[in-house]
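Each chain, letter by letter, is given below.
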Amino acid sequence: MTTMISGRVDMYTDGSCKGNPGPGGWGVLLQYGEHRRELCGGEANTTNNRMELLAVIEGLAALTRRCEIHVHTDSQYVQKGISEWIQGWKRRGWRTAAGQPVKNQDLWQRLDASVTGQNIVWHWVKGHAGHPGNEAADRLANQGVPSGQVS
């Protein structure tokens, strides 16, 4: 039996951190045709890379049906991590090529579980370069920083 795929969703994600580590936020813009959905959240003590990962995880969790997903991120850490590095990390028991523990392993494992069986195309976009979807995700990430923390 074939699982039906219902259309294409463009997901724009971004993370923000004030201090790195410090208070941070994540933002997601989901676009399906003319429909838009904005998501954001944050943590009081985190890092930029954790927020970048959490944005994608939360965006994928918000989808309610199988579809073709185009993830647009300005994070090479996320894009290369999921597209190039993760298989080696898993083969080495969540160790880097240098034998060190993978940073943010908990979120990488969550992301890995989230993408399994999905039809995802990963796109890297230059941040802060005027791309409307990326700018919206950046605004949402900053909005997600816990109240009183935005500088």
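Residues numbered from 1 in each chain as written. Predicted model: local features only at pLDDT ≥ 70, side-chain atom pairs only at ≥ 80, totals over all residues. Heavy atoms only, no water.

### Details of helix α1 (residues 48–62)
Then step 1. Its 15 residues place the ends of α1 21 Å apart at the C-alpha level, agreeing with the 21 Å of an ideal helix rising 1.5 Å per residue.
Then step 2. For α1, the complete set of buried residues consists of Met51, Glu52, Leu53, Leu54, Ala55, Val56, Ile57, Gly59, Leu60 and Ala62. (Helix = DSSP H or I, 4+ residues; strand = E, 2+ residues; numbered from the N terminus. Expected span 1.5 Å × (residues − 1). Buried < 20%, exposed > 50% of the residue type's maximum accessible area, 1.4 Å probe, protein only.)

### A look at the packing of aromatic side chains
Then step 1. For the coordinates displayed, the defined rule picks out four aromatic pairs.
Then step 2. Taking the centre distance of 5.3 Å and the plane angle of 70 degrees together, the rings of Tyr77 and Trp108 count as edge-to-face. Here Tyr77, found in helix α2 (residues 76–91), pairs with Trp108, found in helix α3 (residues 105–115); they are 31 residues apart in sequence, far enough to count as distant. One exposure class covers both Tyr77 and Trp108, and it is buried.
Then step 3. With centroids separated by 6.5 Å and ring planes inclined at 40 degrees, the aromatic side chains of Trp89 and Trp94 adopt a geometry described as tilted.
Then step 4. We classify Trp89 as buried; its relative accessible area is 8%.
Then step 5. One aromatic cluster is present, built from ring pairs that chain together Tyr77, Trp85, Trp89, Trp94 and Trp108. (Phe/Tyr/Trp six-rings, centres within 6.5 Å; stacked < 30°, edge-to-face > 60°.)

### Side note on the pairing of strand β2 (residues 22–32)
Then step 1. The buried count for β2 comes to nine of 11 residues, which makes it a mostly enclosed element.
Then step 2. Bridge count between strand β1 (residues 8–17) and β2: eight bridges; the pairing is antiparallel. Among the inter-strand pairings, Met11 is bridged to a residue of β2, identified as Leu30.
Then step 3. Linking β1 to β2, which pair antiparallel, is a turn of four residues; within it Gly19 sits at a positive phi near 125 degrees.
Then step 4. As defined by bridge partners, β2 adjoins strand β3 (residues 35–46) across 10 bridges and the pair is classed as antiparallel. If you follow Leu30 over to β3, its bridge partner there is Arg37.
Then step 5. Hairpin geometry of β2 and β3 is characterised by an intervening segment of two residues between the two adjacent antiparallel strands and by a positive phi of about 60 degrees at Gly33. (Pairing = 2+ DSSP bridges.)

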